[in-house]
Amino acid sequence: MTVIYLDNNATTKVDPVVIEAMLPYLSKYYGNPSSMHAFGGQVGQAIKDARSQVAQLLGAEESEIIFTSCGTEGNNTAIRAALAAQPDRRHIITTQVEHACVLNVCKQLEKQGYTVTYLSVNNQGQLDLMELEAAITGNTALVTTMYANNETGVIFPVEQVGAIAKEYGATFHVDAVQVAGKLPLNMKTSTIDLLTISGHKLHAPKGVGALYVRRGFRFRPLLLGGHQERGRRAGTENVPGIIGLGKAAELANFELKYMQRETRLRDRLEHGLLSTIPDCEVNGHPTQRLPNTTNIGFKYIEGEAILFSLNQYGICASSGSACTSGSLEPSHVLRSMGLPYTILHGSIRFSLSRLTTDAEIDRTLEVMPGIVSRLRALSPFNSEAADWLQDRAAAVVGTR
C-alpha cells in the first residue's frame, strides 16, 4: 500500500539529498571534530560549514548557533538560561497552548517558587497582546512563546510580543520548531533573544536541533562537560546529524520561495473537505497560520476513529485530540480555544510538506467523505445531542 503522508508537523521524511550529505560522516569521515589531527579537523570544518548553513536560514551569525539534540533540549536550555541570566526575577510568562516541553518545565518551576502566567488564546487560537501587557512586570525574567502552533498552525505576533518583553527587560524565547523552513526568519532584525529549531521538522534526521542565542546574551549552559560548542553545550557532537541539519537548512532556505505551492495544496484539501462534508469547520485563524497546516473539526465523531479509517487507506494524519496516546482527553490547544465539545474530539490535523503531491490530495479528498459518513452513521451523537455534550464539556472544565 502506498503511504500518503500528511503528518509533517509530527516529523518529515529525510530528504535524499540530506542523506547523501550525511553518509560520508557515518563511514569515511568518522574522526572526532575536537581532535588535533587533520583527520578530525576536517570533520570540525564540516560542522563549521553546517553552522553557517543554519545561521543563513535563521538570518543569524554563525557564533549565535548552538547545536542540540532536539527541540525539547533547546527549549529546556533556553528557559533555564534565561532564568539564570536574571536570578532576582521570579516571574515567567508563557501561553496555554505551548508544547509540553515548555509547559511541563514551567509547571516544575512553579514548584520551585516561580510565578508563571499562562496567556489565553481566543477561539481562533490568537493571543491578546493586552493580556500580555497587563501581566508583565519588572519581576518578569522570561517571556516564552511558540512562533506558530503545532496543532492549528496559528502564527503568533512574536515581534510585537518581543517588543513588549524588551520594555520590561525580560528575555524573549521563541519555540520556532514548526516555523523554520516554512516562514522567513531574520534574527538580525528581530526582538528574539533565544530561538529553538529541530531538524526532523525540516527534512533533516531526528536527534539534532539548534538553539539561536543572541550575541551578548549572558548564556549559562544546561549540559556541562567538555568545551564543545564553545563551552555552551557539552558532549561529543552528533556529526552526521549536524551535517544533515546544515544541508536541510540550505535546502529549506532555497525552498522558501516556493511555499505558495504548499499553501495551494493545503487550501485545495481544506476547501474540498469543507465543500463535500457537512458539519465540519477549520480550527484556528483562516489566514494567520502556517502555509502547510489545516486543522479541521468533524462534528459528532471521534478523531481516533477517523485516523484508524484513514490508516486503512495508507493515509497518515494526526488527531487534534490526545486520543492517539490512549487518552480521551481533548487537545489542550483546542480546549484552550474554547471550541465546542462536538468539535474537540473529532478534530484532525493535516500537515503537508514540499514532497506532498496533487495526487495525494486527490486521494484524500476521495476517501474522506465516505469515512465521515460511515462513522456518523455509527455515532450515538448528533446535532440534537450537541447541547448535552457542551454542558458536559463545561462541567469537565469547571472541575479543573
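Residues numbered from 1 in each chain as written. Predicted model: local features only at pLDDT ≥ 70, side-chain atom pairs only at ≥ 80, totals over all residues. Heavy atoms only, no water.

1. Looking at the overall build of the protein chain
Counting its secondary structure elements, the protein chain contains 14 helices and 13 strands. Its C-alpha atoms give the protein chain principal-axis dimensions of roughly 70 × 50 × 35 Å. The 400 residues of the protein chain split such that 56% are buried. Counted over contacts in the protein chain with a minimum sequence separation of 6, partners at least 24 positions apart contribute 73%. Surface accessibility of the protein chain: about 17,000 Å² in total, with carbon and sulfur atoms responsible for 54%. The centroid of the 37 positive side-chain charges in the protein chain is displaced by 6 Å from the centroid of its 38 negative side-chain charges. (Helix = DSSP H or I, 4+ residues; strand = E, 2+ residues; numbered from the N terminus. Buried < 20%, exposed > 50% of the residue type's maximum accessible area, 1.4 Å probe, protein only. Contact = heavy atoms within 4.5 Å. Areas by Shrake-Rupley, 256 points an atom, 1.4 Å probe, with all protein chains shown as cover. Lys, Arg positive; Asp, Glu negative; His and termini not counted. Charge placed at Lys NZ, Arg CZ, Asp CG, Glu CD.)

2. What about the packing of aromatic side chains?
Tallied over the entire structure, the rule returns 3 aromatic pairs. Relative to Y29, the ring of Y25 has its centre 5.5 Å away and its plane inclined at 40°; by these criteria the two rings are tilted. (Phe/Tyr/Trp six-rings, centres within 6.5 Å; stacked < 30°, edge-to-face > 60°.)

3. What about the packing of helix 10 (residues 303-312) against helix 13 (residues 358-378)?
The N-to-C vectors of helix 10 and helix 13 enclose an angle of 135°; their axes lie 10 Å apart at closest approach. In terms of axis orientation, helix 10 runs oblique to helix 13. The way helix 10 lies across helix 13 gives a crossing that is right-handed. Contact residues: helix 10 offers A305, I306, S309 and L310, while helix 13 offers V367, M368, I371 and L375. Split by residue class, the contact of helix 10 with helix 13 holds 7 nonpolar, 1 polar and no charged. (Axes fitted to C-alpha atoms, helices over the stretch in contact; angles between N-to-C directions. Parallel < 35°, antiparallel > 145°, perpendicular 65-115°, else oblique. Left-handed = near helix turned anticlockwise from the far one by under 90°. Nonpolar A, V, L, I, M, F, W, Y, C, P; charged D, E, K, R; others polar.)

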